[in-house]
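Observations on the model geometry
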There are 2 protein chains.
Amino acid sequence: MRRGDMIEVVGFDADDTLWQCQDGFDEAERLFVDTVSPYASPGVDLEDALRATELGNLAISGYGVKAFGLSMIEAAVTSSAGTVPSRDIGILVDHIHDMLREPVRLLDGVADALHAVAQTHRVVMITKGDLVHQTRKVQTSGLHHVFEHIKIVLEKDVSTYRAILNEWGINPSTFLMVGNSVRSDILPVVELGGFGLHIPYHVTWDHEVVDAPKGTFDTVASISDVVEWLATENPS
Amino acid sequence: MRRGDMIEVVGFDADDTLWQCQDGFDEAERLFVDTVSPYASPGVDLEDALRATELGNLAISGYGVKAFGLSMIEAAVTSSAGTVPSRDIGILVDHIHDMLREPVRLLDGVADALHAVAQTHRVVMITKGDLVHQTRKVQTSGLHHVFEHIKIVLEKDVSTYRAILNEWGINPSTFLMVGNSVRSDILPVVELGGFGLHIPYHVTWDHEVVDAPKGTFDTVASISDVVEWLATENPS
């Protein structure tokens, strides 16, 4: 029996699975360090300070570019004891608005792979992040029509996946989730009794890194391999 | 026939219908003006500058506290030609994070009215805004269990309402929407063939003000009047 025969619905993560995301945050972080360095208080590690501010605000501001932007500005002020000129703050805010404005950059092979999977399976998107920004990315991706459902959520854990699959009437044992984060895309779905297919991205946000992945899931090198994975005979 | 007999589902807006919202933005705007005034460039009207920046960013950053915060910081820098000290920017960012953190303040009579309506009707929430912040407000309101569905959307127009009612299997002719914004809560639902019940709030964001309300809808003074409105004999 082919794996694809057991699976009825294929869910895709979006950021760093369908399109570039983390690179943009990394670039913003470099801009932050370059901009604030001349004014940083002695002994302050700017990257650590930014990360600590981000994590401290995560519960109230969530993931996404706007939350990151506010944390970046807070960290710029506190790390420099208020000595960074506000015109430099202006540079950081403008960069955040540019990030929100910039066109989505699809990863290689995404459009072909999604259209191929959609010929044999129901296709959905489950992604974290900011409602406005993710909606804009979906709409400008040209891929909106491929997805039967699109859900933008706050956190991708077992209870979130259970609620979504329940709402959509999907039995977890017929569901495959494809994504770049073992923590958010793979482990919770495997725990629910579904399938996970990991596509590593060249950078992973520290927060998404898990020490010892539990459960059983496969890894492929690129999204172009998903169709073949679905078509492969299942050894069991 | 009572109005409530024709209506099966009652939808509630959230901000300034169930809990205070605009007051918080107005307070933040006063803080912005007080903070930036000493550094404002000659001839700049700070309130106008903030509003113009907000509207200019609306398409990419949307509604909500985080989007407002980034616009406020951008406006502080540009309106002062970069002369506002960054410690003052820090005060504005802290205030934004406080807004995200502060407990939801229910308007008078909301809990009783919602529980009463829920005894005779299916109850849903349709609200604009930021996913994280609105979810937090719903969860801390203590009213989460009253709602059969909760939808947080980018814009409340005819096509949005049509899609939501369709997804929930609700016939517009059996749907009543209750809210403080004629533009967002009432007119689009009336246009779809549903009912609108307007509860004016003492302040309305300029952006939500409509010049000449079209269509037919009723107005009540407070959410406590919704139950009686549903129970009133319909003259037609």
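These figures come from a predicted structure and were not determined experimentally.

Attention now goes to the domain arrangement of chain A. Residue and element names in this part refer to chain A. Each assigned domain of chain A is listed with its residue range as follows: domain 1 (3–19 + 104–231) and domain 2 (22–101). Between domain 1 and domain 2, the residue contacts involve nine residues of the former and nine residues of the latter. Residue composition of the side of domain 1 that touches domain 2, by class: four nonpolar, two polar and three charged.

Attention shifts here to the pairing of strand β2 (residues 122–128) of chain A. All names here are of chain A. For β2, a buried count of six out of seven residues is recorded, marking the element as mostly surrounded by other parts of the structure. Two strands pair when backbone bridges link them, and strand β1 (residues 9–12) and β2 are joined in this way by four bridges, in the parallel orientation. Among the inter-strand pairings, valine 9 is bridged to a residue of β2, identified as arginine 122. In terms of strand pairing, β2 meets strand β3 (residues 149–153) through five bridges, oriented parallel. Paired with lysine 128 across the bridge in β3 is valine 153. In this view, the connection linking β2 to its parallel neighbour β3 by way of helix α7 (residues 131–141) has right-handed handedness.

This part takes up the interface of chain B and chain A. Each side of the interface is counted separately: chain B has 31 residues, and chain A has 31 residues. Of all the elements in the fold, those that place two or more residues in the side of chain B that touches chain A are α3 (46–61), α4 (65–79), α5 (86–101) and α7 (131–141) of chain B. A total of nine residues in the side of chain B that touches chain A trace back to one element, the largest contributor, which is α5(B).

Mapping chain B onto chain A calls for a screw motion: a turn of 180° about the axis and a shift of 0.0 Å along it, with 0.0 Å RMSD after fitting. Interpreted geometrically, this transformation is the action of a two-fold axis. Within chain B, the C-alpha atom positioned nearest to the axis of rotation is that of Ser86(B), 2.5 Å from it. Of all interface residues in chain B, 100% are interface residues in chain A too; the two copies therefore contact each other through one and the same surface.

Right, let's talk about the nonpolar core for a bit. Counting 44 residues, the largest nonpolar core has Ile73(A), Ala76(A), Ile73(B) and Ala76(B) as the members making the most contacts within it. Of all elements in the fold, only α2 (22–36), α3 (46–61), α4 (65–79) and α5 (86–101) of chain A together with α2 (22–36), α3, α4 and α5 of chain B reach the threshold of two or more residues within this core. Ignoring sequence-local partners within four residues, the contact set of Ala76(B) consists of Phe32(B), Val36(B), Val84(B), Ile89(B) and Leu92(B).

Here is what the cut-offs are and how they apply
- Residues numbered from 1 in each chain as written.
- Chains lettered and ligands numbered in written order.
- Predicted model: local features only at pLDDT ≥ 70, side-chain atom pairs only at ≥ 80, totals over all residues.
- Domains from an automatic or database assignment.
- Contact = placed C-beta atoms within 7 Å.
- Nonpolar A, V, L, I, M, F, W, Y, C, P; charged D, E, K, R; others polar.
- Buried ≥ 20, exposed ≤ 12 C-beta atoms within 10 Å, placed from the backbone.
- Helix = DSSP H or I, 4+ residues; strand = E, 2+ residues; numbered from the N terminus.
- Pairing = 2+ DSSP bridges.
- Right-handed = clockwise from strand over helix to strand, strands pointing away.
- Least-squares fit on C-alpha atoms with pLDDT ≥ 70 in both.
- Core = buried A, V, L, I, M, F, W, Y, C linked by C-beta atoms within 7 Å.

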